[in-house]
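So the chains spell out like this:
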Amino acid sequence: MTSLPQVAPRIAKLTALSLGVALLATACGGSSTPSSTGSATAQAAGIACPAPSATGGATTAAGAGGAVPPSSTTTETPLKLGSLLPTTGSLAFLGPPEIAGVNLGIKEINDAGGVLGKPVEVIHRDSGDTKTDIATQSTSALLGQGVSAIIGAASSGVSKTVINQITGAGVIQFSPANTSPDFTAWDDKGLYWRTAPSDVLQGKVLGNYMTTCGAQTVGMIVLNDAYGTGLAKNVQAAVEAAGGKVVAQELFNEGDSQFSSQVDKVLAAKPDAIALITFDQAKSIVPLMTGKGIKPTQIFMVDGNMSDYSKDFKPGTLKGAQGTIPGTFAKDDFKKKLLAIDPALKDYSYAGESYDAVNLIALAAEAAKSTKGVDIAKQLKAVSEGGEKCNNFASCVTLLRNGKDIDYDGQSGPVTFSDAGDPTEAYIGIYEFQDDNTYKPVKEEFGKL
């Protein structure tokens, strides 16, 4: 990774944050109460996860009411956004909630009169995965249509293939789901942003959680890409810091279809718990493990594979397995709005982060009084911190147009950017699979980076 002069100020300021993760609180919250899910009990290999606490979870500030005042500045060039989100490939299950989050944000912005007096337009394109060149082709198409910002990709590996293409064109790349720590110091000319926290935080939470469940030894099956190896590194650091040991770590590559070797080697080490750091390859890996005697209560998953497996596995296959997803739990009112956009939604992963990305870009455009990507980028940090709290476009833009400073906190939780475009604080949700192989929230961990 190259560090060029123009990125130096961002890195210097970020270094002051020390990148130390401080877990501040454990909270139950969201639309479903933890008592409806319970926590794993009497689990195998000494695993017994702690019961959720009874404190409140993440909340967002109430928005200002009343009519939205008209913009005092109008633009000749309406804000045009692109999305680069997966509708094919190993992360295709994440596409629907992310696209719904984008579309909901666009709808609410346009219902409130748009940005700088004009409706906002969005153009959706598939990102595919790293096995294809779809992302590059989609990016070229979006740039050719004059977008100011591209929301995506979901995969860190895919984003690495297009980030220079996007930011080199003076366009914002804003990912709702990239978690690789590599992007923090990327030479992005100040144009790469994300609402998902770095895997420094998710790795810390998952590693700590496995040890609090009683796992003294951990095995890992890991996707060999920026996402998988970066997350695995932070999980291992947390496990070891808590006095545990990673006794086996087996890698596989995107496109692999056979995982027996990795499973056999991890099981031979007899770990108390196994972390699956994969995408949809979990559909093949889980049956191999449970078929060899691993109990679902020993399995811990991550955002890349936390999905609805009700049509993939027999009932009970994953009952008691747990996993982490960055972001606070999706609230009932937000789910209802998303379902109005896409009635077929089953998962809500990164819908909040996608919705927040749209709102933050739109609000930064209002603050900049411009729809140019480089101008918008200069205002993204400012609208995320230090002002009057608000949580949707209508309430926030009302404050802006009345001359107020704003602090946007959204559906993904608090959003306060570092100079590197990373969230400096976030929730990580912990979820548990039910008998039907769908998952429900257990508790949230809040931390700062």
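Residues numbered from 1 in each chain as written. Predicted model: local features only at pLDDT ≥ 70, side-chain atom pairs only at ≥ 80, totals over all residues. Heavy atoms only, no water.

Asks: Is there a simple way to explain the state of the cysteines in this structure?
Replies: Disulfide: a covalent bond connecting the sulfur atoms of a pair of cysteines. A full pass over the atoms with the stated rule returns two disulfides. Paired by a disulfide, Cys-49 and Cys-213 hold their sulfur atoms 2.0 Å apart. Linking Cys-49 and Cys-213, the disulfide has an S-S dihedral of approximately 110° and is accordingly described as right-handed. Taken as a pair, Cys-49 in the loop between strand S1 (22-27) and strand S2 (80-85) and Cys-213 in the loop between helix H5 (199-212) and strand S7 (217-223) lie far apart in primary sequence, 164 residues in all. The exposure classification of Cys-49 matches that of Cys-213, with both residues buried. One disulfide in the model links Cys-390 with Cys-396; its S-S distance is 2.1 Å. Classification of the bridge connecting Cys-390 and Cys-396 rests on its S-S torsion, roughly 110°, and on that basis the disulfide is right-handed. (Disulfide = S-S within 2.5 Å. Helix = DSSP H or I, 4+ residues; strand = E, 2+ residues; numbered from the N terminus. Buried < 20%, exposed > 50% of the residue type's maximum accessible area, 1.4 Å probe, protein only.)

Asks: I tried to follow the confidence of the model for the protein chain on my own but got confused; where do I start?
Replies: Keep in mind that low pLDDT regions are not for reading the predicted coordinates in detail. Mean pLDDT over the protein chain stands at 89; residues scoring 70 or higher make up 87%. In the model, residues 1-44 has pLDDT below 50 throughout and makes 110 contacts with residues more than four positions away in sequence or in other chains. (pLDDT = per-residue confidence, 0-100. Contact = heavy atoms within 4.5 Å.)

Asks: Looking at this model, I keep getting lost on the sheet that holds strand S12 (residues 388-390). Mind explaining?
Replies: Across a sheet, strands are paired by hydrogen bonds formed along the backbone, either parallel or antiparallel in direction. The sheet built from three strands is open, its strands ordered S12-S13-S14 with mixed pairing. The sheet is open, and its two edges are formed by S12 and strand S14 (413-414), each paired on a single side. Across two bridges, strand S13 (residues 406-410) lies against S14 in antiparallel orientation. The partner of Asp-409 across the bridge, within S14, is Pro-414. Set on the sheet, helix H12 (residues 393-401) makes contact with S12 and S13; between it and S12 the angle comes to about 150°. (Pairing = 2+ DSSP bridges. Axes fitted to C-alpha atoms, helices over the stretch in contact; angles between N-to-C directions.)

Asks: Can you help me understand the pairing of strand S8 (residues 245-252) in this one?
Replies: The side chains of a regular strand alternate between the sheet's two faces. Relative to S8, S7 runs parallel, the two being bridged by seven bridges. Bridge assignment links Ile-221 to a residue of S8, and that residue is Glu-250. Tracing the backbone out of S7, into helix H6 (residues 226-241) and back to the parallel element S8 gives a crossover that is right-handed. (Right-handed = clockwise from strand over helix to strand, strands pointing away.)

Asks: Help me understand the pairing of strand S4 (residues 149-152), please; the structure alone is not making it clear to me.
Replies: Pairing geometry for S2 and S4, over four bridges, is parallel. Bridging from a neighbouring strand, Gly-82 pairs with Ile-150 of S4. Pairing of S4 with strand S5 (residues 172-175) involves three bridges; the strand directions are parallel. Considered in S5, the bridge of Ile-151 is made with Phe-174.

Asks: Just checking my understanding: could you explain the environment of Ser-127 for this structure?
Replies: Checked against the element boundaries, Ser-127 lands in the loop between strand S3 (121-126) and helix H3 (134-144). A sequence separation of 35 residues divides Ser-127 from Ala-92, and the C-alpha atoms of the two residues are 9.2 Å apart. The residues touching Ser-127, leaving out its near neighbours within four places in the chain, are Leu-84, Leu-85, Pro-86, Ile-134, Ala-135, Ala-153 and Val-158.

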